[in-house]
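# Coordinate analysis (summary)
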Amino acid sequence: MFPLRAIDVKIEIKRKRLIGPINLEIKQNGISILLGANGSGKTTLLEAIHGLRKLSAGKVEWTISNSLAAAEQAFVFQSPIMLRRTVAENLAFPLKVRRISKSVATTEAMIWAKKIGLEEKIKQQAVLLSGGEMQAIAVARALITKPKMLFLDEPTASLDGATKKAIEDILISASSNGTKILMSTHDLGQAKRLAKDIIFLHNGIVEAHCSKEKFLAEPPSKAAKQFLEGDIVL
Amino acid sequence: MNEISQGLIQAFWLVLSFDSELITISLRSLYVTLTALTISTLIAFPLAAFLAVTHFQFRQAIIATLNALMGLPPVVVGLIVYIIFSRSGPLGVLGLLYTTSAMIIAQVIIITPLVTSIAHQSMQELWADYRNLLISINVSKMQSVGILMWDSKKALITASLAGFGRGIGEVGAIMIVGGNIDNATRVLTTAISLETSRGDFALALALGFVLISLAISVSFATHWFGKTERGGLQ
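Residues numbered from 1 in each chain as written. Chains lettered and ligands numbered in written order. Predicted model: local features only at pLDDT ≥ 70, side-chain atom pairs only at ≥ 80, totals over all residues.

Of the regular secondary structure elements, chain B holds ten helices and zero strands. Reading the secondary structure of chain B in the N-to-C direction produces α-α-α-α-α-α-α-α-α-α. The proportion of buried residues among the 234 residues of chain B is 41%. (Helix = DSSP H or I, 4+ residues; strand = E, 2+ residues; numbered from the N terminus. Buried ≥ 20, exposed ≤ 12 C-beta atoms within 10 Å, placed from the backbone.)

This part takes up the interface of chain A and chain B. By a widely used convention, the size of an interface equals the accessible area lost when the partners come together. Taken residue by residue, the interface counts 14 residues in chain A and 13 residues in chain B. Put simply, the parts of the chain that give the side of chain A that touches chain B at least two residues each are β5 (73-76) and α3 (87-97) of chain A. (Contact = placed C-beta atoms within 7 Å.)

A word on helix α4 (residues 74-85) of chain B. Residue and element names in this part refer to chain B. Here α4 spans 16 Å end to end across twelve residues, near enough to the 16 Å set by a 1.5 Å rise per residue. Taken together, the buried positions of α4 are occupied by P74, V77, G78, V81 and F85. The buried residues of α4 occupy an angular sector of 100° when the element is viewed end-on, so they sit on one face. Packed against the buried residues of α4 are α5 (100-136) and α8 (172-178). (Expected span 1.5 Å × (residues − 1). Arc of directions from axis to C-beta.)

Moving on: the sheet that holds strand β6 (residues 149-153) of chain A. Strand pairing in a sheet takes place through backbone hydrogen bonds and is either antiparallel or parallel in direction. All names here are of chain A. With mixed pairing, six strands are arranged side by side in an open sheet as β5-β6-β7-β3-β8-β9. At either end of the open sheet lies a strand with only one pairing partner, and these are β5 and β9 (205-211). Pairs of neighbouring strands in the sheet enclose a mean axial angle of 15°, with direction left out of account. Here strand β3 (residues 31-35) runs beside strand β8 (residues 197-202); their pairing, made up of four bridges, is parallel. Its bridge partner lying in β8, L35 is registered against F200. Seen against the sheet, helix α5 (residues 131-143) touches β5 and β6 and runs at an angle of roughly 175° to β5. (Pairing = 2+ DSSP bridges. Axes fitted to C-alpha atoms, helices over the stretch in contact; angles between N-to-C directions.)

Glancing now at the nonpolar core. Core analysis: the largest hydrophobic core is formed by 126 residues, its most contacted members being L91 and I137 of chain A together with A106 and V177 of chain B. Tallying contributions element by element places α5 of chain B first for this core, with 19 residues. The residues touching L91 of chain A, leaving out its near neighbours within four places in the chain, are A109, W112, A113, I137, A140, R141 and I144 of chain A. (Core = buried A, V, L, I, M, F, W, Y, C linked by C-beta atoms within 7 Å.)

What follows is about the packing of α3 of chain A against helix α4 (residues 102-115) of chain A. All names here are of chain A. Two elements in contact, α3 and α4, have axes separated by 8 Å at closest approach and are oriented at 125°. Relative to α4, the element α3 lies oblique. Note that α3 runs across α4; the crossing there is right-handed. Contact residues: α3 offers V87, A88, L91, A92, L95 and K96, while α4 offers V104, A105, T106, E108, A109, W112 and A113. In the contact of α3 with α4, the residues fall into ten nonpolar, one polar and two charged. (Parallel < 35°, antiparallel > 145°, perpendicular 65-115°, else oblique. Left-handed = near helix turned anticlockwise from the far one by under 90°. Nonpolar A, V, L, I, M, F, W, Y, C, P; charged D, E, K, R; others polar.)

This part covers the sheet that holds strand β4 (residues 57-61) of chain A. Residues and elements named next belong to chain A. Here three strands make up an open sheet; going across it, the order is β2-β1-β4 and the pairing antiparallel. Across the chains shown, the open sheet's two edge strands, defined by having one partner strand only, are β2 (16-26) and β4. When the angles between neighbouring strand axes are averaged without regard to direction, this sheet yields 20°. Note that strand β1 (residues 4-13) and β2 share seven bridges and pair antiparallel.

Let us now look at the pairing of β6 of chain A. Residue and element names in this part refer to chain A. For β6, the tally of buried residues reaches five of five residues, placing the bulk of the element in the interior. Burial along β6 is two-sided: M149, F151 and D153 facing one way and L150 and L152 facing the other are all buried. Where β5 meets β6, four bridges bridge the pair, whose relative direction is parallel. When the bridges of β6 are listed, Q73 appears paired with M149. As paired elements, β6 and strand β7 (residues 180-185) share five bridges and run parallel to each other. In the strand pairing of β7, L150 is matched with I181.

Right, let's talk about helix α6 (residues 141-151) of chain B for a bit. Restricting attention to buried positions, one finds in α6 of chain B the residues S144, V145, I147, L148 and D151 of chain B. Those residues of α6 of chain B that are buried are in contact with α2 (20-53) and α5 of chain B.

This part takes up unusual backbone geometry. Residues and elements named next belong to chain A. For the peptide bond that leads from F2 to P3, omega is 5°, which places it in the cis range. With omega at 0°, the peptide bond leading from G20 into P21 counts as cis. Secondary-structure assignment places P21 in strand β2. In this structure, K146 is a non-glycine residue whose phi angle is positive, near 50°. The residue K146 is located in the loop between α5 and β6 in this model. Judged by local crowding, K146 falls into the partly exposed class, with 13 C-beta atoms found within 10 Å.

Now for the environment of I62 of chain B. Residue and element names in this part refer to chain B. With respect to the helices and strands, the residue I62 is situated in helix α3 (residues 59-69). Judged by local crowding, I62 falls into the partly exposed class, with 15 C-beta atoms found within 10 Å. Note: C-alpha distance between I62 and D200 (138 residues apart in sequence) is 45 Å.

For any part of a model where pLDDT is low, the fine detail of the predicted coordinates should not be relied upon. On average, residues of chain B carry a pLDDT of 91, and 96% of them reach 70 or more. Scoring of the predicted complex yields 0.85 for pTM and 0.89 for ipTM. (pLDDT = per-residue confidence, 0-100.)

The subject of this paragraph is the environment of A215 of chain B. Relative to the helices and strands, A215 of chain B is located in helix α10 (residues 201-226). Not counting the four nearest positions on each side in its chain, A215 of chain B is found in contact with G165 and I168 of chain B.

On to the packing of α2 of chain B against α5 of chain B. Residues and elements named next belong to chain B. Where α2 meets α5, the axes come as close as 6 Å, and the angle between the chain directions of the two elements is 35°. Between α2 and α5 the crossing geometry is right-handed. Of the residues in the contact of α2 with α5, the class split is 22 nonpolar, ten polar and one charged.

The following block contains the structure:
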């Protein structure tokens, strides 16, 4: 399935360029962090690679067919999307869609509910939970099928420190279990904690893709330097 | 006022005495409307979900037409069904005119656009919430239709009740195609019309009260079994 290649990817809306052209190669291991200021095109790039957005130009290539690759991916959105169902039903949903037996799906849902500390709330309506709990469900639901590739769009943007830490722990665990993670964030601290490599996006263009250490030691562009120093990036 | 109180007393008396004609007419009303509603929902719900999840060339035109047909004049529907099933009509050979089957067909034509439009409205909103999630976990269009119908079930109950209300209170079309034949096609609304024309306002009012009670009872029963008002969730 890997490496994933984005080749001359471009997205335009009404002839206005949102991102691109972007060329990117993402290898299998570790957590890749897509870093950039608000409006730099992080969400658009993630959605484009995952297939939620139609490309205006270019292509996304996996080493297997795109349809097979699609079955091995999951996506966690910035605002968690909860089905109007219970916590257990939300967690088991991707398994149910794949026609996994109900008993297996229920067992897996219970395991993941425990992992995210929601076993007591398994029968509650998911939409009635807090933002942090909903995001934890969204992450668990994405990981329940053991995807080979997980995209996350600023999953902890509006969460408190403890919830952020809990979700980061789940992601580190998933990564060590073989799930490739590509996550966008504008939180530099989070990037430092999680990243193996950093993709820095500025005005819809990838300005750098290198190891975290290299990125932090030698910011590859003016915008990257400003971002690292906490200045406003225009 | 005197006629209203007389009507109420007579309605109570008719109900308490288990008046056989009243029971027969009421059951026929329920049979015609519930059968028409069942057929309508079998058409309307999947159609509404399909219109919510798909994009094709004439989709907007179909939605606009369905919305316009919500106000379809029953008398015109009755006239068209009458012409189709009259002896010289294209389906006259079926011999359905002046039968409950013709009444059901007329009601299906009247109810379906209403139920479809209401169901589509709620499923379109749900699709806006669910779209990205369902696409990201590779849910097929057919599966999406099922998921939308399942998760909109309470809104669909409301749509069904709106259809039931329109059907049970309908008189113009079923009078034309049913003929208000005693012991054959007479239902509550056509009986009320007949008694009013005869000048027996008390009996007409009594039948009217029974009709209203029937509509309210079905609504209450549906809400009760459907649990639509529990938990404050739609």
